[in-house]
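# Structural overview
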Amino acid sequence: MKTQVAIIGGGPAGLLLSQLLDLHGIDSVVLERRSRDYVLGRIRAGVLEQGTVDLLRAAEAGSRMDREGQIHDGVEISWHDERLHVPIKDLTGRGVMVYGQTEVTHDLYDARDARGGAVLHEAEVTAIEGLEDDRVTIRFTHEGEENVLEADFVAGCDGFHGPSRKAIPESHRREFERAYPFGWLGLLSKTPPAAPELIYAAHDRGFALCSMRSDTLSRYYVQVALTEKLEDWPEERFWDELRTRIPADVAEGLVTGPAIEMSIAPLRSFVSEPMRYGRLFLAGDSAHIVPPTGAKGLNLAASDVYYLHRAFDQFYNHRNSTGIDTYSDQALSRVWKCERFSWWMTSMLHDFPQTGAFERRMQRAEFEYLQLSETARKSFAENYVGLPY
Ligand code: FAD
Ligand code: DHB
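Residues numbered from 1 in each chain as written. Chains lettered and ligands numbered in written order. Predicted model: local features only at pLDDT ≥ 70, side-chain atom pairs only at ≥ 80, totals over all residues.

Looking up the protein in an unreviewed UniProt entry gives the name 4-hydroxybenzoate 3-monooxygenase, with the organism given as Thioclava atlantica.

Laid out in structure tokens, this is it:
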């Protein structure tokens, strides 16, 4: 099998890239280790920046999002019972779109199907060879057989645990990491959202988030220690803990219902530099992880794909290799700013086990500064809606 760009990973980054390349007349094959149902069963991000929304529209995968997604012009941050409304649209001219990653992935699969795109499921990449040569060879298993895909380039869109990043020799790669001593326990339920806007809630017992997918589907999170096990969290315990951490007036009106899904995600900040090695280009979680506070993970995957599809378009359609040569620096420049924002928001709102009285006062001062200063709110909003590409 031969193609121009081999794409490893059929998550949002890989699917969006293959669709955009196709629209620019560039051939690709997506190899995804899991089944389609498995990929669509993962409940992850819920908030899209304007840049991501525009890119999905450009990829001809935005029509259901435009019909069913919710545009939010504001967001709330709370500290116990104090509520701060941040009017992100008034402050920046832009809002965000509430539309789940599951739906985005669904729409991208449909868009690939409509154009006859090659997306192989249960195709697990086992080796990536020839990154410094004229052509790349990808070895993968599919339906119990060993297969080979040859390509000009390979896009590593295979998430944090995939083989792409590890195909870069250690001597050419530098990793930066911060692991946080807690995770987020999430619950999805068929209930109306607790409030019209998302609420990021700081509390002495730990962080909580009230989010949503639609008027009838809610997504909630509570910060938990990494030692916590899912089986120790019956639904009633989750709801009780959530009610304790969010403002009392919101807790009073909270509608609870059976959980459709519950899971624990660890929090991590991680960047691997560079994002290109020879014929390999990393995009999305394969190159970087942000803690979920601020909803940047999926949006960063989309901005990488923006730079990368443009680079391949320049290379194949305009005989210009500037884009592929500058891809890593350009993507990393935006990545680090989003890493900063996600780290800052995580630091302000979570309970750190080792936090002393001084650090707690610092967190409180951050919150009061946001309450006091429109400049501070504007800076927050500018990052929340998404920095320009
Ligand atoms: P992924 O979605 O991870 O896709 C990578 C794909 O590569 C996977 O489908 C995987 O099966 C495939 N793959 C891996 N190895 C191989 C192989 N050897 N061969 C072939 N295929 C392979 N972000 C937010 O903004 N908000 C959130 O609430 C949020 N929650 C999250 C919860 C969890 C548990 C996780 C893991 C992430 C969460 N994120 C969240 C982050 C967000 O979901 C990711 O940033 C986003 O999925 C990145 O997309 P991606 O395509 O780069 O990677
Ligand atoms: C969601 C997740 C986030 O990390 C976030 O900042 C906002 C919303 C969500 O899953 O709905």
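## Observations regarding the site of ligand 2
All residues in the neighbourhood of ligand 2 are listed as Ala45, Gly46, Val47, Leu198, Ser211, Arg219, Pro292, Thr293, Gly294 and Ala295. Of the residues belonging to the shell around ligand 2, the class tally is five nonpolar, four polar and one charged. Residues from two domains meet in the shell around ligand 2; each of domain 1 (2–70 + 96–177 + 268–347) and domain 2 (181–266 + 351–385) gives at least three. (Near = placed C-beta within 6 Å. Nonpolar A, V, L, I, M, F, W, Y, C, P; charged D, E, K, R; others polar. Domains from an automatic or database assignment.)

## Let's talk about helix H3 (residues 50–58)
Within H3 the residues assigned to the buried category are Thr52, Val53, Leu55 and Leu56. Looking straight down H3, one finds that the buried residues subtend no more than 165 degrees of arc, so they occupy a single side. Buried residues in H3 make contact with helix H1 (12–23), strand E3 (47–48), helix H4 (63–68), strand E7 (96–98), helix H6 (101–114) and helix H9 (297–318). In the segment just after H3, Glu60 is the residue with positive phi, at about 60 degrees. (Buried ≥ 20, exposed ≤ 12 C-beta atoms within 10 Å, placed from the backbone. Helix = DSSP H or I, 4+ residues; strand = E, 2+ residues; numbered from the N terminus. Arc of directions from axis to C-beta. Contact = placed C-beta atoms within 7 Å.)

## Observations regarding the nonpolar core
Leu17 and Ala283 are the most contacted members of the largest nonpolar core, which has 107 residues in total. Here the element with the most residues in this core is H9; it accounts for 11 residues. In terms of domain composition, this core takes at least three residues from each of domain 1 (2–70 + 96–177 + 268–347) and domain 2 (181–266 + 351–385). Beyond its immediate stretch of four places on either side in the chain, Ala283 contacts Ala13, Leu17, Ala155, Gly156, Cys157, Ala301, Asp304, Val305 and Leu308. (Core = buried A, V, L, I, M, F, W, Y, C linked by C-beta atoms within 7 Å.)

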